[in-house]
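Coordinates in review
The primary structure of each chain is shown beneath.
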Amino acid sequence: MNLIIDIGNTRAKLLVFEDNDIVEQVFSDNQTLGELPDLLDRYTFEKGILSTVVRLTPKIEELLADLPFPFVRLTSQTPLPTPIRWRRRGETECREMPAAMGADRIAAIAGAMALLPQTPLLIVDAGTCVTYELIDDEGYYLGGNIAPGLQMRLKSMHEHTSLLPLISAEGEVPELGYDTETCMRSGALLGLQYEIEGYIRFWRSYYPALQVFLTGGDKMDFSDDIQSIVHIDTALVPKGLNATLNAQRSLSKI
């Protein structure tokens, strides 16, 4: 059994893997990991791995330090099942991965490359922020972009204006809004959808065999020509973490 911990900006995911299969997934507060002790009571883990985009609290540091099995923290230096070879588009020389690159982005790339090797890939993670990662048809990582996510767009409209309300992402999404709420929701959600479709169509013009992974919490209703090449996998980052953990030859405490 492997313990996978994926800590995001709004919440944490705790997953139990047996080989490559998800046995259980629970959500937890990203400041306490309050559900972790229950998982430790119910499962016997061989090893574990952590990805985080936030600073760990003293409470979490204490929980991880007391784990009775080897546990690693994913960084840009962690060996991956398929090494990420990075070169800027138009260049032939490989570069080192930026040390500050987010662990969630690394794990998403690792997961996608493990599921669809030797394939040009666009990896879209629609969470608090939306990240875009591109793998070319030679297997090189060309870089990526970061943009505001759906909730951030809605919150920003409220916080940076005097009169626009804070609205829920859930609700009617007409092509054209008919009141303030639907105008905001459609503008944010459809704008994000069209942004993603724009990335897909642009990079498909260079890589006709391009396949797309969409992960994260936001759902999109893509047009037919896009839908056929989009692989929706909300567990892409945990799958990448699990594949990375299984590829480690030596493990030590975090």
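Read on for an overview of the structure. Model, not experiment: these values are computed from the prediction.

So, on to the packing of aromatic side chains. Counted by the stated rule, this structure contains eight aromatic pairs. Where Y43 meets F45, the ring centres are 6.0 Å apart and the plane angle is 40 degrees; that geometry is what we call tilted. Overall, the relative accessible area of 18% leaves Y43 in the buried class. Taken together, a centroid distance of 6.4 Å and an interplanar angle of 20 degrees make the contact between W203 and Y207 stacked. Comparing W203 with Y207, the two get one shared label, buried. Joined through ring pairs, the aromatic side chains of Y43, F45, F69 and F71 make up one cluster. The aromatic ring of Y206 is capped on one face by R89, whose charged end is 4.1 Å from the ring centroid.

Moving on, we come to the layout of surface pockets. For the largest pocket, the calculated volume is near 1200 Å³. Lining the largest pocket are 48 residues; nearest its centre among them are D125, A126, G127, T128 and G217. Where the lining of the largest pocket is concerned, the elements lending two or more residues are β1 (2-7), β3 (21-28), α3 (103-115), β7 (121-126), β8 (129-135), α4 (150-159), β10 (211-216) and α7 (236-246). Its residues assigned to classes, the lining of the largest pocket comprises 19 nonpolar, 18 polar and 11 charged.

The subject of this paragraph is unusual backbone geometry. Positive phi values are uncommon outside glycine, yet D19 reaches one of about 55 degrees. With respect to the secondary-structure elements, D19 resides in the loop between β2 (12-18) and β3. Classification of D19 as exposed rests on a relative accessible area of 63%. Of note in the backbone geometry, L33 takes a positive phi value of approximately 50 degrees without being a glycine. Following the sequence through the fold, L33 ends up in the loop between β3 and α1 (36-42).

So, about the nonpolar core. Core analysis: the largest hydrophobic core is formed by 29 residues, its most contacted members being L122, V124, Y132, I196, I200 and V212. When residues of this core are traced back to their parent elements, those giving at least two are β7, β8, β9 (140-148), α4, α5 (180-204) and β10. Considering each element in turn, this core owes the most residues, seven residues, to α5. Setting aside its immediate chain neighbours within four residues, V124 contacts V130, T131, Y132, I196, V212, F213, L214 and T215.

Mapped onto the fold, L63 is located in helix α2 (residues 58-65). Judged by relative accessible area, L63 falls into the buried class, the value being 17%. Separated by 106 residues in sequence, L63 and A169 have C-alpha atoms that sit 34 Å apart. Sequence-distant contacts of L63, that is, excluding residues within four places in its chain, are made with T32, L33, L36 and P37.

Time to look at α7. Burial within α7 is extensive, with nine of its 11 residues counted as buried. Among all positions of α7, only L236, V237, P238, G240, L241, N242, A243, T244 and L245 are buried.

Turning our attention to the packing of α3 against α7. Packing of α3 against α7 brings their axes to within 7 Å, and their N-to-C directions diverge by 80 degrees. Overall, the two elements α3 and α7 adopt an arrangement that is roughly perpendicular. Facing D104, A107, A108, A110, G111, A112 and L115 of α3, the residues of α7 in contact are L236, V237, K239, G240, L241 and T244. When grouped by side-chain class, the residues that make up the contact of α3 with α7 number eight nonpolar, three polar and two charged.

Moving on: the sheet that holds strand β4 (residues 47-52). Across the sheet, which stays open at both edges, the five strands sit in the order β3-β2-β1-β4-β5 with mixed pairing between neighbours. Two strands close off the open sheet at either side, each with one partner strand: β3 and β5 (71-73). Adjacent strand axes in the sheet meet at a mean angle of 15 degrees, parallel and antiparallel pairs treated alike. Summarising the sheet, β1 and β4 pair through six bridges and their orientation is parallel. Of the residues in β4, the one forming a bridge with I7 is T52. With respect to the sheet, α7 is in contact with β1, β2, β4 and β5, its orientation differing from that of β1 by roughly 135 degrees.

About the criteria used
Residues numbered from 1 in each chain as written. Predicted model: local features only at pLDDT ≥ 70, side-chain atom pairs only at ≥ 80, totals over all residues. Heavy atoms only, no water. Phe/Tyr/Trp six-rings, centres within 6.5 Å; stacked < 30°, edge-to-face > 60°. Buried < 20%, exposed > 50% of the residue type's maximum accessible area, 1.4 Å probe, protein only. Lys NZ or Arg CZ within 6 Å of the ring centre and 35° of its normal. 1 Å grid on protein atoms, 1.4 Å probe; cavity = no way out; pocket = protein on both sides within 12 Å on 5 of 7 lines; lining within 4 Å. Points joined across faces, edges and corners; volume = space filled by probe spheres on them. Helix = DSSP H or I, 4+ residues; strand = E, 2+ residues; numbered from the N terminus. Nonpolar A, V, L, I, M, F, W, Y, C, P; charged D, E, K, R; others polar. Core = buried A, V, L, I, M, F, W, Y, C linked by side-chain atoms within 4.5 Å. Contact = heavy atoms within 4.5 Å. Axes fitted to C-alpha atoms, helices over the stretch in contact; angles between N-to-C directions. Parallel < 35°, antiparallel > 145°, perpendicular 65-115°, else oblique. Pairing = 2+ DSSP bridges.

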